[in-house]
Amino acid sequence: MAIATINPYNGETLKTFTPLTSAEIATKLTQAQSAYIAYRQIPLTQRSQWLEKAATLLEANSQTYGQLMTTEMGKPLKSAVAEAKKCAWVCRYYGEKAAEFLQDQPGESDGSAAFVRYQPLGVILAVMPWNFPFWQVFRFAAPALMAGNVAVLKHASNVPQSAIAIEQIFREAGFPDNVFQTLLIGASQVETVLSDQRVQAATLTGSEPAGASLAATAGKYIKKTVLELGGSDPFIVLESADLDKAVKAAVTARMLNNGQSCIAAKRFILQSSIADEFEQRLLEKFQSLKVGDPLAEDTDIGPLATAAIRDELAQQVEKSLALGAKALIGGQPLEGPGNFYPPTLLTNIPPDAPAAREELFGPVASVFRVDSLDEAIALANDTPLGLGASAWTKIETERDRLINDLEAGAVFINGLVKSDPRLPFGGIKRSGYGRELSREGIHEFVNIKTVWLD
Ligand code: NAP
């Protein structure tokens, strides 16, 4: 894929970039390594002040950054502005909490004393997706930089200007040169970076094939990885649920970011007794959503990020319909310019249809009906993915079963799955491994050094 900003609203190519050569990559890695030697000695209080400055810049320029994100990948402007502000939150969170998370931990031993010290690893590669072009990067970078690492970012090829803007934010915030660098490279150049001996570890947020490829390279060179991959999150609604709240949350959980979120609710699993009512109310909400220009204030759903993403979604829905699924609304891409796909509600989905088996990355909700809690849990777990799960019930015994038995990195009871700097975030099964955010997130890219004293 060419490295370019192509406005998904009208298909206009706004800017293109030439990928770095291997020699240019090598120079940047040399710069990153020498930046690391000095940066690891900088006190946490200083790093924290720079992160605070980054937070201030993100807030002060949230409108500008929001417009940039919307122009590059099509999310509604209000969510893009909110995303820039959320990045300020994660900067402040780690700026304040890192000292506590990185404090020496005493341990028992046969010596006079023993403890664990958390130290940086060095240059970390981040391979990031376009769907939250700022948030995905900041939630990795804030803890990694606080821990004393330096970062090189390979961002998705369709959001190069966001990648450049993020590098500028860190520089303007006061971080020394080359502590955070954007590498404008294609996916095929990731191996060149990861195989370099100066790069110690990598994190990737994106699709399963990309994660598998990065992990294979990392395995070859024995390097630590964190993978945040796809999700096909269940949204289970049981008979006792507060339907007003559940329907409202269901719309946001499915439609946020034009439906292109890893933790979006993708499979709605409804207890039969409330299924008709829930489905009808969801349908009415979908009908009321405004699809259009993502820069307009009142737009709920903008275009999908690329034509290829829209075409893949269209094929998955078409195949599901051919196998017997029914579309209560939507079901086909919209005509005209822009990568528009309308809100779509699928029912009667056969178990072998893409809508049941695959991640649908767009504004398409798949509805399933079950008779019991056991059936709901079995269906929710019947996927190779395990990122998040949302479940709605007022009954305590049901709640406990859901918390214990859902196979996911996170279970939200009577709430939609969301990321929060204070809570660990990540998946199990083919959704990846490792955690971001909270105490766990900052410990992914550190040397957990055991110290023993005689
Ligand atoms: P993608 O194609 O995998 O791209 C993600 C990043 O990986 C991009 O920078 C891409 O570069 C790079 N990449 C692609 N193939 C690669 C390879 N073989 N080796 C190394 N790097 C490679 O993913 P996407 O379609 O943009 O994003 C959607 C997916 O991300 C969905 O499955 C979604 O659920 C998942 N996601 C997960 C999370 C999470 O936290 N778990 C969050 C957001 C999204 P190019 O752009 O140059 O191809």
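The structure under discussion appears in the preceding block.
Predicted, not measured: the structure shown is a model, and the values here were computed from it.

## Side note on helix α1 (residues 22–39)
Between its terminal C-alpha atoms α1 stretches 25 Å, which fits the 26 Å expected from 18 residues at 1.5 Å a residue. Regarding α1, the residues found buried are Ile 25, Leu 29, Ala 32, Ala 35, Tyr 36 and Tyr 39. All buried residues of α1 lie within an arc of 125 degrees about the axis, which places them on one face of the element.

## Quick word on the pattern of salt bridges
In the structure shown here, the tally under the stated rule is 26 salt bridges. Among the salt bridges present, the one from Glu 436 reaches Arg 139, with a minimum N-O distance of 2.8 Å. Highlighted residues: Glu 436 in the loop between β19 (432–433) and α15 (438–442) and Arg 139 in helix α5 (residues 135–146), separated in sequence by 297 residues. Just as Glu 436 is buried, Arg 139 falls in that class too. Salt bridges here are not isolated pairs; linked through shared partners, they connect Glu 52, Glu 59 and Arg 92.

## Notes on the side chain of Thr 306
Locating Thr 306 in the fold gives a position in the loop between α10 (272–287) and α11 (307–322). On the accessibility criterion, Thr 306 (18% relative accessible area) is buried. Apart from the residues within four sequence positions on either side, Thr 306 is in contact with Asn 158 and Asn 339.

## Considerations on the site of the ligand
In the vicinity of the ligand lie 27 residues, with Trp 130, Ser 157, Ser 207, Leu 229 and Glu 359 positioned nearest. Side-chain polar atom of Arg 139 to an oxygen atom of the ligand: 2.7 Å apart, as the coordinates give it. Protein coverage of the free-state accessible area of the ligand, which is 900 Å², stands at 86%. In a pocket analysis with a 2 Å cut-off to the grid points, the ligand is assigned to the largest pocket. Counting only elements with at least two residues in the shell around the ligand, the list comes to α5 and α8 (208–220).

## Let's talk about unusual backbone geometry
For Asn 258, which is not glycine, the phi dihedral falls at a positive 60 degrees. Here Asn 258 shows up in the loop between α9 (243–255) and β11 (265–271).

## Focus on the layout of surface pockets
Each pocket or cavity is described by its volume, and for the largest pocket that value is around 1200 Å³. What lines the largest pocket is a set of 43 residues, and nearest its centre among them are Trp 130, Gly 206, Ser 207, Glu 208 and Ala 210. Elements that contribute at least two residues to the lining of the largest pocket include exactly α7 (190–194), β8 (199–205), α8 and α11. Ranked by residues supplied to the lining of the largest pocket, first place goes to α8 with 6 residues. Along the walls of the second largest pocket sit 23 residues, with Lys 86, Phe 132, Leu 256, Lys 418 and Ser 419 positioned nearest its centre. Those elements giving two or more residues to the lining of the second largest pocket turn out to be α4 (77–101), α5 and α9. For the lining of the second largest pocket, the class distribution of residues is 12 nonpolar, 6 polar and 5 charged. Residue contributions to the lining of the second largest pocket reach at least three from each of two domains, namely domain 1 (3–229 + 431–453) and domain 2 (233–420).

Rules and cut-offs
- Residues numbered from 1 in each chain as written.
- Predicted model: local features only at pLDDT ≥ 70, side-chain atom pairs only at ≥ 80, totals over all residues.
- Heavy atoms only, no water.
- Helix = DSSP H or I, 4+ residues; strand = E, 2+ residues; numbered from the N terminus.
- Expected span 1.5 Å × (residues − 1).
- Buried < 20%, exposed > 50% of the residue type's maximum accessible area, 1.4 Å probe, protein only.
- Arc of directions from axis to C-beta.
- Salt bridge = Lys/Arg side-chain N within 4 Å of Asp/Glu carboxyl O.
- Contact = heavy atoms within 4.5 Å.
- Near = heavy atom within 4 Å.
- Polar contact = N/O pair within 3.5 Å; in protein donor to acceptor, adjacent residues only side chain to side chain.
- Areas by Shrake-Rupley, 256 points an atom, 1.4 Å probe, with all protein chains shown as cover.
- 1 Å grid on protein atoms, 1.4 Å probe; cavity = no way out; pocket = protein on both sides within 12 Å on 5 of 7 lines; lining within 4 Å.
- Sits in = over half its atoms within 2 Å of the grid points.
- Points joined across faces, edges and corners; volume = space filled by probe spheres on them.
- Nonpolar A, V, L, I, M, F, W, Y, C, P; charged D, E, K, R; others polar.
- Domains from an automatic or database assignment.

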